Amino acid sequence: ISNFEFKKGVRVTEQTLVRTKPSINKWLVAIAVMSSAIIEVLDTSVVNVSLPHIAGSLSATTDEATWVLTSYLVANAIVLPLSGWLANYFGRKRLLMSVVCGFTVSSLLCGMAPNLPSLVFFRIMQGVTGGGLQPLSQAVLLEEFPRKEHGKAMAVWAMGIVVAPILGPTLGGWLTDNYSWRWVFYINLPIGIISLVLIGLYVWDPPYISRGKLRFDAWGLGMLVVGMGAFQIMLDKGQEEDWFASKFIVVLCVVAIVLLTAFVVRQLKVENPLVKFRLMSDRNFACGISLVSLMLFVLYGSLVLLPLFMQELLGWTAVTTGFWTGPRGIAIAVAMPVVGKLLGKGWDGRLMVAGGFAAASISYLAGYSHMNLNSGAWDIVWPQLIQGVGVGFIFVPLTVLTMSRIQKQDMGYASSLYSIMRNIGSSIGIPFVTTLIARRSQFHQVRLGEHVTAYDPRATQYLSTTAHFFANAGSDAVAAKMQGIEVVYRSMLQQASLMSFLDAFKIMGFVLIGVIPLIFIMKKASKKPQKMEMME
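Given the structure is predicted, the values throughout are model-derived calculations rather than measurements.

S.K.: Any details on the packing of aromatic side chains? Residues and values, ideally.
M.R.: All chains considered together, the criterion is met by 8 aromatic pairs. Measuring from ring centre to ring centre gives 5.7 Å for Phe309 and Phe501, while their planes differ by 70°; the resulting arrangement is edge-to-face. You can see Phe309 sitting in helix α14 (residues 283-313) and its partner Phe501 sitting in helix α21 (residues 477-514), a full 192 residues away along the chain. Residues Phe309 and Phe501 agree in their burial class; the two are buried. Three or more aromatic residues link up through ring pairs in this structure, and these residues are Tyr364, Tyr368 and Phe505.

In structure tokens form, the structure reads like this:
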């Protein structure tokens, strides 16, 4: 018991009682918070491969079943920026236990859903309860570990946050094929229960948590809910609706821009903001959240592109594709503990981040963008290994640099902003690459089609060869010619699709190179405790 005020000759009428924190192994705290964060992040990607099975089981179309993903992402995006304020208002331990309990129960309900509307509703519950788990887990680890050990703490945190969505499709496919899509949700139950017990035993509130003393900004919450909802739905449905050719998408875009801008302006003026945008006045924090959003933009874009390339152009099965996308996650998991140790020995995090971006760009510019229709497993694996090591060298030191000058009492708010920028980066990356592939494929079809004429000797020779093949197989002259034209057209489409994929990989590689100068605007991470921490 601490924080008593005594004055000579004056009776104390008000006392502040703070339960002292017992001595607990910080790694037990890490396990407690990370177990819940991992299942939440896993659920952003594990359901993807199960959508056709969900649609067939619940008598819905595949397009209707995509709302299972959209509803979760929208609810998640709305809660993410609020988690810092909610933790200060309700208390971090109480909030963590509540959201883990809610996420576990909603996972059970998702697995038991009898129809699509109920499944979408329960997925919204999942997104609302799980939205705060990422930033809360990060804030707890950054507070629990001293600044000189932040590299180790963020290596553990990043392994779960980055590796889980990469391995999610593989786990989801295996559970769906061997059991049922419902087990994609049931798998959360034992982990959620264990996490709930561990949080109850090992997580404690820091003394500066307000717990009920903050004013609630209802207008700000309304702007955030509607604005983020419109923004997330626009990103998810944009390609399907042909983007701004659709009035629906235009309306969503206008609503998102107006309300989110108004939300930012309001949060800069109110006394107790839901989101502390003023933290972006810190140079490291502003640069860090910009870099992490760009990194997730590229990473999630490649998570979509590579499996599509392997299945659509190389003709690999879903199981084979899932197996050969695993090396990237393994490389990240191996690299991150090494990076954490190097940071603890005093390595400059800025140089490590720059090296990580350079390595990741090599995987795109020298690896992925040189693949062809005859590429084999090794052509897929070695760029993933380089990219995985690069991501490991980016994520851990970048997180440490970003948070290095944030006061502990603001760590929850900072983690919320950091998480929402990661979320925005990944949310934009996926529709960007799918739209880019569609547009560039059309462009290359037109350009290649210009050469498929009766005046191009290579085109006429290829058509004559294929027609001759079908004629020898028993087709008459007219049918053989039509079949030959069909083969030429399919080959042209395949080549146009290949060129569009290579364009996308090159663009992402150049994005990674282009952001490297931004890294050196940041200051070197300080390992000394801030003034507030020294007072504590």
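Still more ground to cover, so stick around.
S.K.: With reference to specific residues and values, describe empty space enclosed by the protein.
M.R.: A probe as big as a water molecule, rolled over the atoms, marks out the empty space that is left. Across all of its chains, the model carries 2 cavities of 30 Å³ or more by this definition. There is about 40 Å³ of room inside the largest cavity. Lining the largest cavity are Met295, Val298, Leu299, Ala360, Tyr364, Gln387, Val391, Ile394 and Leu512. Among the elements of the structure, α14, α17 (349-367) and α18 (377-403) are those that each provide at least two residues to the lining of the largest cavity. Class assignment of the residues belonging to the lining of the largest cavity gives a composition of 8 nonpolar, 1 polar and no charged.

S.K.: For helix α16 (residues 326-344), give the residues involved together with the corresponding values.
M.R.: With 19 residues, α16 ought to run about 27 Å at 1.5 Å a step, and its terminal C-alpha atoms sit 28 Å apart, in line with that. Every buried residue belonging to α16 is among Gly326, Pro327, Arg328, Gly329, Ala331, Ile332, Ala335, Met336, Val339, Gly340, Leu342 and Leu343, and all of these are buried.

S.K.: Before we move on, can you summarise the side chain of Thr129 with the specific residues and values?
M.R.: The topology assignment puts Thr129 in helix α7 (residues 116-130). For Thr129, a relative accessible area of 18% puts it in the buried group. Separated by 3.4 Å, the side chain of Thr129 and the backbone nitrogen of Phe103 make a polar contact. A polar contact is formed between the side chain of Thr129 and the backbone oxygen of Met125, at a distance of 2.8 Å.

S.K.: Can you explain the packing of α17 against α18? Please cite residues and give values.
M.R.: α18 packs onto α17 with a crossing angle of 155° between their chain directions and a minimal axis gap of 7 Å. The pairing of α17 with α18 is recorded here as roughly antiparallel in orientation. Both α17 and α18 take part in a crossing whose hand is left-handed. Taken together, the residues of α18 that come into contact with α17 (itself represented by Gly349, Arg350, Met352, Val353, Gly356, Phe357, Ala359, Ala360, Ser363, Tyr364, Ala366 and Gly367) are Trp382, Pro383, Ile386, Gln387, Gly390, Phe393, Ile394, Pro397, Leu398 and Leu401. Of the residues belonging to the contact of α17 with α18, the class tally is 15 nonpolar, 6 polar and 1 charged.

Analysis parameters
Each residue is numbered by its place in its chain's sequence as written, counting from 1. For this predicted model, a pLDDT threshold of at least 70 governs which residues receive local features, and a threshold of 80 or more governs which side-chain atom pairs are given and counted, while totals over whole chains, interfaces and linings are taken from all residues. Each side-chain value is derived from all of the structure's non-hydrogen atoms; neither hydrogens nor water enter the calculation. Ring geometry is summarised as follows: Phe, Tyr and Trp rings, the Trp one being its six-membered ring, pair when their centres sit within 6.5 Å, and such pairs are stacked at plane angles under 30 degrees, edge-to-face over 60 and tilted between the two. Only DSSP runs of H or I reaching four residues or more are called helices, and only runs of E reaching two or more are called strands; each is numbered from the N terminus. Under the scheme applied here, a residue whose accessible area is under 20% of the maximum for its type counts as buried, over 50% as exposed, and between as partly exposed, the area being computed with a 1.4 Å probe on protein chains only. Any residue with an atom within 4 Å of a point lines the site, the site being either a cavity, points on a 1 Å grid over the protein atoms alone where a 1.4 Å probe fits but cannot get out, or a pocket, an open set with protein on both sides within 12 Å along at least 5 of 7 lines. Grid points are joined across faces, edges and corners, and a volume is the space filled by probe spheres set on the points. Any residue outside Ala, Val, Leu, Ile, Met, Phe, Trp, Tyr, Cys, Pro, Asp, Glu, Lys and Arg is labelled polar, Gly included; the first ten of those are nonpolar and the last four are charged. An expected span of 1.5 Å times one less than the residue number is assigned to each helix. We define a polar contact as two N or O atoms separated by no more than 3.5 Å, with the added condition that, inside protein, one atom must be a possible hydrogen donor and the other a possible acceptor, whereas residues neighbouring each other in sequence contribute only through side-chain atom pairs. To get an axis, a line is fitted to the C-alpha atoms, and for a helix only the part in contact is used. The angle between two axes follows their N-to-C directions and goes from 0 to 180 degrees. When an angle is under 35 degrees it counts as roughly parallel; over 145 it counts as roughly antiparallel; between 65 and 115 it counts as roughly perpendicular; any other value is oblique. Note on convention: the crossing is left-handed when the near helix lies turned anticlockwise from the far helix by less than a right angle, right-handed when the turn is clockwise. Here, two residues are considered to be in contact whenever any of their heavy atoms come within 4.5 Å of each other.

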